[in-house]
Amino acid sequence: IASQARLCVALGRLHLSATVGASEAPAKADEHFKAATLLLQPSGASLALIDALSARVDAVERGGASAADADKGAVEDDVAGDADILREEKALGEMMALLAAAVGHAERLLYRAAPRSAPPSVSLPTARTLAQLRSRQARVELRLAELQERRALRLQETAPRFPRVQGRDEAAVLDFVRGNALEARRDAGLCHVERALVHSSSSLALAGHSRAALDAGLSLGRALIAMARGRGHGGGVWKPKAPKESDGEEAKGEAGRDAGSAEAEVEAEAAAAGEAPGEGEVAAVEDGAEEAREGEAGLLRLVEGALKEGDAATAREAALALADAAGAERPLECGRWLSVATSCAARLHWLAVWRRACDPRSRFAVLLSQLSHSLEQRWAQPAQTPVWKSAQLALDDAERGCVPWRSLEVETGSLRELLAGLPAGARVVQLTTTTHGRAYGMATIAQAGDGDPPVLVSRAELSPAALSAAIDAINEARRLHRIAALNKSKSDLLPAAVAEEMQPAAPPEPPEPPEPAAGPLDKLRRKAREVARAGRGAAAFQATPPRVLALRDAVSKAEALLAPLLEPLVPMLETPAGSLETESEPQGGTAAVARPPTIVIVDPCLSPLPLELLGVFAEECGGGGVCRDLSVSMLRRRLALGAPDAPRGAVRCAVDVHDEVRLPTGVEGGRLGEVFASDVLDSEALAHAAEWPALLGSRQAPSATELAHALAAGGSFLYHGPGSLLSAALTPQQLAPLDLRACAGCLLFDAQESSLSSRRIAREANAKDAARLALEEPHATAALLSLGGVRTVVLHHWAAAPAERHAALTALLGQLGEGKTAGEAVRARHELQQPEESPPPGGGANPDVERPPSSLLLYGLPHYRMV
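In this report, we go over the structure that sits alongside the text. (Residues numbered from 1 in each chain as written. Predicted model: local features only at pLDDT ≥ 70, side-chain atom pairs only at ≥ 80, totals over all residues. Heavy atoms only, no water.)

## So, the packing of aromatic side chains
Move 1: Enumeration over the complete set of coordinates arrives at one aromatic pair.
Move 2: Ring geometry for tryptophan 238 versus tyrosine 440: centroids 5.7 Å apart, planes at 45°, classification tilted. Of this pair, tryptophan 238 sits in the loop between helix H9 (212-230) and helix H10 (253-272) while tyrosine 440 sits in strand S2 (residues 438-445), and the two are 202 residues apart along the sequence.
Move 3: Here tryptophan 238 falls in the buried class, since its relative accessible area comes to 17%.
Move 4: Lying across the ring of tryptophan 337, arginine 336 places its NZ or CZ 4.3 Å from the centre.
Move 5: Over the ring of tryptophan 405 we find arginine 347; its NZ or CZ atom is 4.2 Å from the centre of that ring. (Phe/Tyr/Trp six-rings, centres within 6.5 Å; stacked < 30°, edge-to-face > 60°. Helix = DSSP H or I, 4+ residues; strand = E, 2+ residues; numbered from the N terminus. Buried < 20%, exposed > 50% of the residue type's maximum accessible area, 1.4 Å probe, protein only. Lys NZ or Arg CZ within 6 Å of the ring centre and 35° of its normal.)

## Observations concerning the environment of aspartate 452
Move 1: Along the polypeptide, aspartate 452 turns up in the loop between S2 and strand S3 (455-461).
Move 2: Taking the C-alpha atoms as reference points, aspartate 452 and arginine 416, separated by 36 residues in sequence, lie 5.6 Å from one another.
Move 3: Dropping the residues within four chain positions of it, aspartate 452 is found in contact with Leu332, Arg416 and Gln447. (Contact = heavy atoms within 4.5 Å.)

## Quick word on the pairing of strand S9 (residues 715-722)
Within a regular beta strand, the side chains point alternately toward one face of the sheet and then the other, so they alternate between its two faces.
Move 1: The buried count for S9 comes to eight of eight residues, which makes it a mostly enclosed element.
Move 2: Relative to S9, strand S7 (residues 651-655) runs parallel, the two sharing five bridges. The residue of S9 that forms the bridge with alanine 654 is tyrosine 719.
Move 3: Strand direction decides the pairing type here: S9 and strand S10 (residues 743-752), joined by seven bridges, are parallel. (Pairing = 2+ DSSP bridges.)

## Quick word on the side chain of aspartate 656
Move 1: Mapped onto the elements of the fold, aspartate 656 is located in the loop between S7 and helix H26 (672-681).
Move 2: Polar side-chain contacts of aspartate 656 include one of 3.0 Å to the backbone nitrogen of glutamate 660.
Move 3: Ignoring sequence-local partners within four residues, the contact set of aspartate 656 consists of Val661, Leu672, Gly697, Ser698, His720, Gly721 and Pro722. (Polar contact = N/O pair within 3.5 Å; in protein donor to acceptor, adjacent residues only side chain to side chain.)

## Overview of the environment of valine 457
Move 1: Its location among the elements puts valine 457 in strand S3.
Move 2: Using a relative accessible area of 11% as the deciding quantity, one classes valine 457 as buried.
Move 3: Separated by 26 residues in the primary sequence, valine 457 and leucine 431 have C-alpha atoms spaced 9.8 Å apart.
Move 4: In this view, valine 457 contacts Trp238, Gly327, Ala328, Pro331, Cys334, Gly335, Leu338, Gly441, Met442 and Leu569; residues no more than four positions away in its chain are not counted.

## A short note on the packing of helix H19 (residues 464-492) against helix H22 (residues 546-566)
Move 1: Between H19 and H22, whose axes approach to 8 Å, the crossing angle comes to 160°. As judged from the angle between their axes, H19 and H22 are roughly antiparallel. For the element pair H19 and H22, the recorded crossing hand is left-handed. Across the interface between the two elements, Ala466, Leu467, Ala469, Ala470, Ala473, Ile474, Ala477, Leu480, His481 and Ala484 of H19 pack against Pro546, Arg547, Ala550, Leu551, Asp553, Ala554, Lys557, Ala558 and Leu561 of H22.
Move 2: Considered class by class, the residues forming the contact of H19 with H22 number 15 nonpolar, one polar and three charged. (Axes fitted to C-alpha atoms, helices over the stretch in contact; angles between N-to-C directions. Parallel < 35°, antiparallel > 145°, perpendicular 65-115°, else oblique. Left-handed = near helix turned anticlockwise from the far one by under 90°. Nonpolar A, V, L, I, M, F, W, Y, C, P; charged D, E, K, R; others polar.)

## Details of helix H3 (residues 46-61)
Move 1: For H3, with 16 residues, the first-to-last C-alpha span of 22 Å sits near the 22 Å given by 1.5 Å per residue.
Move 2: Among the residues of H3, those classed as buried are Ser46, Leu49, Ile50, Ala52, Leu53, Ser54, Ala55, Arg56, Val57, Ala59 and Val60.
Move 3: Glycine 63 lies just past H3 and shows a positive phi near 90°. (Expected span 1.5 Å × (residues − 1).)

## Things to note about the packing of helix H33 (residues 802-817) against helix H34 (residues 822-831)
Move 1: Put simply, H33 and H34 touch, their axes get as near as 9 Å, and they point 140° apart. Comparing the axis directions of H33 and H34 gives the class oblique. Helix-helix and strand crossings are classified by hand; for H33 and H34 the assignment is right-handed. Of H34, the residues touching H33 (which contributes Ala808, Ala811, Leu812, Gln815 and Leu816) are Ala822, Ala825, Val826, Ala828 and Arg829.
Move 2: Among the residues making up the contact of H33 with H34, the classes are represented as eight nonpolar, one polar and one charged.

Following this line, the structure appears as structure tokens:
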């Protein structure tokens, strides 16, 4: 029976971790967990039963349990928001029932196992399990309290609110009818926040000095802040502030002066009576202020303690709670904790990605496995063991330590300290998400002096369904771009006569409609027919490509998703007029304007979105260009490595290592390596490129050792070929252990499509799992290079034909050779828009047919240049 139950739990967890069919995975997992629960209930195996019940809670939280699916007929005619509230309330109710059952089994087990007298610092394994369950109960109670507030906001009652006191409603009704105050009966029943406070206090007492105390402290801090808000303290921290008016404003007129004189008279009378003005108000303590101070102080200690213990997940949740408590009233403090939360999320996600890319037998992978799994399962305080301390020293070693481990280290300094080193005027926009659909935004501007930077923060609800739809839309656009690029590469190699025969024929002309009867609108109708007849040829020749429509749909969904979060930040993104003009003049002779870049830092779940194409960055940032980074701490680490300047002659190239791409030129049969040698290495416009060491697949297939040496040798690295860097040149296991701190910039002109490469990539993909294929995505590739120490990474978001990618490469290299930075060159490519195809002779241009925007992505420092 025990073996069957363990097998059911393992199958359920396998479903929860599945990426394919994720929408159905929680329901299937819940079925396995329920079967394990039914098997274990009569057996008396309390620990296994607690594990199965906790797993069922995970499945319900993912939204796959039966309780999370509301009755379709009951909510069919209701508002969508009310239906969401009903579903969430039903799911939380089932979670509370399962947790109550698990707590009951844990209490009985603890009663049998615990000694009658034990010091408070001693924590048994069963007590730690019970503490974790109590902490989880507290978190569910706080979510129920938030859900109750949302329902109260949606259902604003016009009549006097009827008292609803949990536990003893009859006495409350009598008090309401008789007109008595309800304050005396507050202790009649506990609300959700009070129950959360009880559960978290119990969890803290049971946890002792183990790591379970961190989770208990997090629940206690949240409960105290929620209680303070329930008593009226800090309830409006996220409300927009009213505009301040100066005391000497003329718009006040005589009424303002009369009000000021009257106030002065009142203060004078109070002083004459021996009372200080406003003495009663100053002496009065706001209800809930003490709980708020105690909760924030506990969360602050928790962030520091969790980071010392290596618990980035708990530190992130505590930082988010501190940011939510600070709100728009304290934007500088809120921005600081949002930066800490994003850094913790980046450390959790990207360090796990790096571990998947590593060989599990490598030294650093074994050390990380000890820190994250082995020691935590064996010891209550793993950070105090000698093995933990020696592993930490090995990973933190400046010379031979783990570069990704140090790159993702979380810093908790002030926002001014975190942004030190950025060029003055650079914008930093940060988007942070939570696990329950809430998102936070922060925008700031780097300052040249020692003053605190200006900060704007925002908060909005982020629908998981809308986020999933936006990601699906951009994935569909990338798929269509890949198909179009493959077709374009094939058609480019065909003879001109064959390509002309393959063009779709224009549809036949429709018959002329009969002349309408004479009337006042005859001239307008005739003119409309003439205009339609003149433009029919161009419209029939070329319609808007599906890939362009799919990309527009993806951008519109991303804008609709992030608009509530970005709109309050627009004032910080607007370029101040006249404050960024420089004295330099370009070749055209007009004065140049130094447009600072906008650095966008988002949580990993938002990274697939086409942020560079959002209108708020293109319009409100003054065209300064957009670059990305993993976290504020990661950005600070890049800046600490020095200026990203690379010598012009120290660019190592790897071009079409499998010799699979052909271009429609007469150079050596159009082989990409030979065309690159002709257009770049032997070009007069790029004289400095003659010194570049190049690994050309058209001449000799380079080995993995040669490619790794070219990437880690220093200077800059350029890859030009089909597929991604991790599918054609290096494997993740070969890239992950490299120390790339000597590499200032990595230019990846990959994602090219050809017949040979597409067949090879498809054949190799059949032998790879989903996690391995995810490492080849552009954002994961940029993250692995950044974790290795590369300061600037330029790559592409979607595929293109080899001829288009080669033209973009030569244009970008020409701009870098002229002394422009990577940010300026990428911005110039984004600003360049050309028609998709030339219309036929005699036809008018179709304004709706446009080439898709540039797919360039820039990670890291935008001021990389070749010197």
